[in-house]
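One-letter residues, chain by chain:
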Amino acid sequence: MTAPPEPAAVSLKPARPRWRETLGLLARNPTAAVSAVLLLAIVLIAVFDETLAPQGPNEISVGDRLQSPSWAHPFGTDDLGRDILSRVILGAGVSLRVGFLAVGIALVIGTVIGLLAGFYGRWVDDVLMRIMDMLFAFPAVLLAIAVLAVRGAGSGNTALAIGIVYIPVFARVTRASVLGVREEVYVRASRSVGASDLRLLTRHVLPNAAPPIIVQTSISLAFAVLAEAALSFLGLGTQPPNPSWGLMLAEGRGFIDLAWWLAFFPGMAIFLTVLCFNLLGDGLRDVLDPKQRTLMAGGGR
Amino acid sequence: MSGQPVLEVEDLRVRLRTPRGPADVVNGLSYTVGAGETVAVVGESGSGKSVSVLALLGLLPSGVATVTGSARLQGEDLLTMRPDRLRQVRGPGAGMVFQDPMTSLNPVLTIGRQVVEGIRAHSDLDKAAARRRAAELLAEVGLPDPEGTLDRYPHELSGGMRQRVIIAIALSNSPALLIADEATTALDVTVQAQIIDLVEKLQAERGTGVIWITHDLGVVAGIADRVLVMYGGRCVEDGTVDDVLENPVHPYTRGLLGALPDLAQPAVDGVVPDLATVPGVPPAPTDLPKGCVFWPRCPVRGDARCETEQPPLTVIGSADVVLPHRAATWCTERTFGAESPGVGRTFGAESPEGGLR
Amino acid sequence: MSGGDVLVSARGLEVHFPIGGGFRRKPAGVLRAVDGVDLDIVRGETLGLVGESGCGKSTLGNALLRLVPTTGGTLTFDGTDLTGLQGRRLKELRRRAGMVFQDPFASLDPRRTVAQTVSEPLEVHGLRTGRDKATRVAELLELVGLDPGVAGRYPHEFSGGQRQRVGIARALAGEPDFLVCDEAIASLDVSVQAQVLNLLRRLQRQLGLTLLFISHDLSAVRHISDRIAVMYLGRVVEIGPAEAVGTDPQMPYTQALLSAVPLPHPKLERERKRIVLTGDVPSPAAVPSGCRFRTRCPYVFEPCDDVDPALQPVGAPGQQAACHLHGVVGTPATTPEGVTATP
């Protein structure tokens, strides 16, 4: 025990920030770490798509139609002679933008609804969750089609449509998590020293209820990328000639026996991205579990 | 206490594999339990008291725990026993009652199903006979309306009633040994008194040997014939209940007794003195100190060997008694007696806990 | 009642919870957790509140701090009526009255450092900012016997006793007059319990706190308290100086409770006669008519069925018990709900 005679001011900053600990633990989970690195690469590709793409996505070159993969066109060319590699790279931007935007909408709205419903309970819970049930009961694709029918096709509206579909998912996950956290003694302890509801919600309930929401975010991103592809495939999402993985898949469908690479490479891009988001979600689930955390970090009682 | 002991444990050691390295949870424990005798194992959390009995019945996960030594239940070594034989022994040989009466029963099965299951696993009674036997058992542990209770679910019973059901299940095959692991800790004192009375009564009727694991020295004083004080996976003091509680020798036992607020003799001149405390916290089993296991927290430390050598259990006073009083300490100071209300008061008043591990 | 200046006062205090029910559903019954408590806590004293699980002692402690809503009776803190207190004045109550919780592993937010936890009251009430805040946190940690250097650590790095000290530091941060300790030592090891008990006693003297020490452990309550109140099924059934209640209880329930406490003296234990109560505590959803202890009382006689006994002075000065053995005083049972005892 070192007891200085005059209590000096202590540092109120944590000795070891929690997020850094989380990253450290994630790094020790090989599957999740590889997924995270791959996703980071995909995001970087999406950000620097213009620079990275060897050609413009819509540069038509009739002479180079339906060429199989080669050094000049690693992923081959499509029926209009457009470079598939370039279109896959630019498609990453479209797919991820729609994915992030959609999940962002669902995350913000769904989490707020779940937080209020779970924390206040009673009629707030009843009213909010019944609305969520109705939204949830509506067939997802139909709902998306309805939104797109009203607002018109396009990637922004696709994101909005997918986002609305996922609101109840986030609301439910958040509510379930909040229901557990709300009863924790530390929440009551905080109330006992006079903390307001807003402070309880933002400083104690949300941070402690966050792990399942983070996992859900990762998994929903996978679904959103898939949904964007599906809607584009159906002709409701991104409109040609803009490259989107789903749209490319749809366009390549007709040539599947003639030129497999048209559908294969965008398909692989979707597969890889979705897989990585899912694996990262699983990894996060393990890392954010307090029990696992104590074991791995070597803290605890 | 006569004839062959029900259980003889010799040099029991348990090592657990943990993410933080091997943990020596039990380090050479030896004791015997005679027929009709109650041995209390006392210790704080992490002392290894619960693990030591789980190890006896093979209830530790085999991939994680390494158990050595011997534990002969009516002559048969439990530690080298084949798993199927061990399962047979668990009912009729040794019954077990755990701390939490809420979780020891399966919530989706009726009490009847669970008691009957226990009986039928070790006998060839048919269903109807087993049910009659179950009702008898519930009556024996003092449950009102035993027939009706058979058809109820655990959540319909109070904590005390549930613990009675668990005792009924543990006793259903008339075991030679009953192990109670903090069996009354979760109960209120008035209910605890009922359960202790019940176990004493049944024990007297059947001559069951009892191992009573607890942290509560008051309970120990009431029920035990013999006491084993555990610290850091070792027995640091044992002997008859009178010897250990009235005349403790080991500084840890003295500290523990001094730390108890005592209903019997609190005020001195209208002022209640501060409690004696043992500074610091018990050692982690992954990180046991060199030398005497209690040394880092010991207020006495009167011997050069304290820091380097674990003292053996040595007999205090006369060795020519059935149960000699033994303690594992280098400490030779014996000047305090039972008459002193402040046993171990030398430990000083409020002492801050040590720094972080 | 001993003289002196009353800090907290409850009269006929009730906390009833509806059982079941919800959105457009009628509750199936009423749980009478606190059911007519009269209690005065004198400034500067330590009042011990004992009782078995389900007797409502924790609910009462929470109700005194307005952490659960009261459904009847009056409650004052330093002369201010607490029932219906809102907004800024409720917040001020929360500064002036702190609480220490049972489980030190659950009462600290695992995602916040010790400093963040201890400084929360300072931030909430705007008491200190910047460097002052950090100094105050260090001061508080020293006050409870912790090294201020640990301020940046997370709760999982601490032992139970250390965490409880953090909890106490948080409760003291707003410089409260009144501290409720709700089973504050129940989850700790014996040797650590003693450390925390001594700490609480020192703080009580040093800071002139008024302490409500809620526990099921009579020995601990006897050790720390000036006066003891015994609760049974939502009601205070005996109250008085610790010495008197601890050695000469006047209510049969207190007698049984005392006799059931195991003492660490083998010889004494063997001689001692234990009053073993039969049966279980009735559910607070079905409180017996008349005296609520009558279903388990060894001395039960006629008036017990019909008359709900009131606290009356018996035994030592300042001692009160609610029992007809000392003369029938109380209100006849005319509960229209027809609550009857379950045998």
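None of these values were measured; they are calculated from a predicted model.

A.B. asks: What should I look at first to understand the sheet that holds strand 11 (residues 314-316) of chain B in this one?
C.D. replies: Sheet strands line up and pair through hydrogen bonds in the backbone, either parallel or antiparallel. All names here are of chain B. Across the sheet, which stays open at both edges, the eight strands sit in the order 6-7-8-3-9-10-12-11 with mixed pairing between neighbours. With one partner strand each, in any of the chains shown, strand 6 (94-97) and strand 11 form the two edges of the open sheet. Here the average twist between neighbouring strands, direction ignored, is 20°. Both strand 6 and strand 7 (residues 177-181) contribute to a ladder of four bridges, which runs parallel. Within the sheet, the bridge partner assigned to Val-97 lies in strand 7 and is Ala-180.

A.B. asks: What should I look at first to understand a nonpolar patch on the surface in this one?
C.D. replies: Residue and element names in this part refer to chain A. A surface patch of nonpolar side chains, amounting to about 710 Å² of accessible area, comprises Val-34, Leu-38, Trp-260, Phe-264, Met-268, Phe-271, Leu-272 and Leu-275. Sorting the residues of the nonpolar patch by element identifies helix 2 (30-47) and helix 11 (261-288) as the ones contributing at least two each. Top element by residues in the nonpolar patch is helix 11. It accounts for five residues. You can see Met-268 is positioned in helix 11.

A.B. asks: How should I be thinking about the sheet that holds strand 13 (residues 320-321) of chain C in this particular structure?
C.D. replies: Residue and element names in this part refer to chain C. Here we have eight strands laid out as an open sheet, ordered 6-7-8-3-9-10-13-12, and mixed in their pairing. Lying at the two open borders of the sheet, with one neighbouring strand each, are strand 6 (97-100) and strand 12 (312-313). Note: strand 6 against strand 7 (residues 178-182), four bridges, orientation parallel. Directly across from Ala-97, in strand 7, lies its bridge partner Phe-178. Along the sheet, helix 5 (residues 160-172) makes contact with strand 6 and strand 7, crossing strand 6 at roughly 170°. Seen against the sheet, helix 6 (residues 190-207) touches strand 3 (46-50), strand 7 and strand 8 (210-215) and runs at an angle of roughly 160° to strand 8.

A.B. asks: Would you mind showing me how to read the packing of aromatic side chains here?
C.D. replies: How two aromatic rings sit relative to each other is set out by the distance from centre to centre and by the angle between their planes. Under the criterion given, the structure shown has 13 aromatic pairs over all chains. Ring plane angle 55° and centroid distance 4.5 Å describe the contact between C:Tyr232 and C:Tyr253, whose orientation is recorded as tilted. Taken together, the residues C:Tyr232 in strand 9 (residues 227-232) and C:Tyr253 in helix 9 (residues 252-260) connect sequence positions 21 residues apart. C:Tyr253 shares its class with C:Tyr232; the two are buried. Pairwise contacts between aromatic rings join A:Trp260, A:Trp261, A:Phe264 and A:Phe265 into one cluster. Lying across the ring of A:Phe136, A:Arg172 places its NZ or CZ 4.3 Å from the centre.

A.B. asks: For this particular structure, what's the right way to read unusual backbone geometry?
C.D. replies: With glycine set apart, most residues show a phi of negative sign, and most peptide bonds adopt trans. Residue and element names in this part refer to chain C. Phi is positive for Glu-175, which is not a glycine, with a value near 50°. Relative to the assigned elements, Glu-175 resides in the loop between helix 5 and strand 7. With a relative accessible area of 49%, Glu-175 lands in the partly exposed category.

A.B. asks: I would appreciate a short explanation of the interface of chain C and chain B in the present structure.
C.D. replies: It is common to report an interface's size as the accessible area lost on association of the parts. If you look at the interface, chain C gives 49 residues, while chain B gives 55 residues. For the pair chain C and chain B, the two sides together bury roughly 4,400 Å², of which 55% comes from carbon and sulfur. Linking chain C to chain B there are two salt bridges. Residues C:Arg270 and B:Asp242 are paired through a salt bridge, measuring 2.7 Å at the closest nitrogen-oxygen approach. In this assembly, chain C and chain B are joined by ten residue pairs in polar contact (both at pLDDT 80 or more). Mapped by element, the contributors of at least two residues to the side of chain C that touches chain B are helix 5, helix 6, helix 7 (218-224), helix 9 and helix 10 (266-271) of chain C. Top element by residues in the side of chain C that touches chain B is helix 6 of chain C. It accounts for eleven residues. Its residues assigned to classes, the side of chain C that touches chain B comprises 20 nonpolar, 13 polar and 16 charged.

A.B. asks: Hey, could you run me through helix 10 (residues 251-258) of chain B in this one?
C.D. replies: Turn by turn, an α-helix covers 3.6 residues, leaving residues three or four places apart pointing in a common direction. In terms of burial, helix 10 of chain B is largely enclosed, as eight of its eight residues are buried. The inward-facing, buried residues of helix 10 of chain B abut helix 8 (217-223), strand 9 (226-231), strand 10 (234-240) and helix 9 (241-246) of chain B together with helix 6 of chain C.

Criteria and cut-off values
- The numbering scheme is per chain: residues are counted from 1 as the chain's sequence reads.
- In the order they appear in the text, chains get letters beginning with A and ligands get numbers beginning with 1.
- Totals for whole chains, interfaces and linings use all residues, but because this is a predicted model, local features are given only for residues with pLDDT of at least 70 and pairs of side-chain atoms are given and counted only at 80 or more.
- The side-chain values count all of the structure's non-hydrogen atoms but skip hydrogen atoms and water molecules.
- Following DSSP output, two strands are said to pair if at least two bridges run between them.
- Only DSSP runs of H or I reaching four residues or more are called helices, and only runs of E reaching two or more are called strands; each is numbered from the N terminus.
- Every axis in this analysis is a line fitted to C-alpha atoms, fitted for helices over the stretch in contact. Angles between the N-to-C directions lie between 0 and 180 degrees.
- Within the patch definition used here, like charges are joined within 9 Å and nonpolar side chains (Val, Leu, Ile, Met, Phe, Trp, Tyr) within 5 Å, considering only residues with over 30% relative accessible area and no salt bridge.
- Per-residue accessibility takes into account occlusion by the displayed protein chains alone, with areas from the Shrake-Rupley method and a 1.4 Å probe.
- Think of a salt bridge as a Lys or Arg side-chain nitrogen and an Asp or Glu carboxyl oxygen that are within 4 Å of each other.
- Contacts were defined at the residue level, with two residues in contact if any of their heavy atoms lie within 4.5 Å.
- A pair of Phe, Tyr and Trp rings is counted when the ring centres sit within 6.5 Å of each other, with Trp represented by its six-membered ring. The angle between the planes then sorts it: under 30 degrees is stacked, over 60 is edge-to-face, the rest tilted.
- Accessibility here uses a 1.4 Å probe with only protein chains present; expressed as a share of the type maximum, an area under 20% marks a residue as buried, one over 50% as exposed, and anything in between as partly exposed.
- We count a charge as sitting over a ring when the NZ of a lysine or the CZ of an arginine lies within 6 Å of the ring centre and within 35 degrees of the ring normal.
- Summed over both partners, buried area is the accessible surface (1.4 Å probe) that two parts give up on being assembled.
- Pairing of N or O atoms within 3.5 Å defines a polar contact, subject to two protein rules: one partner must be a possible hydrogen donor and the other a possible acceptor, and residues neighboring in sequence count only if both atoms are side-chain atoms.
- Charged means Asp, Glu, Lys or Arg here, nonpolar means Ala, Val, Leu, Ile, Met, Phe, Trp, Tyr, Cys or Pro, and polar covers whatever is left, Gly included.

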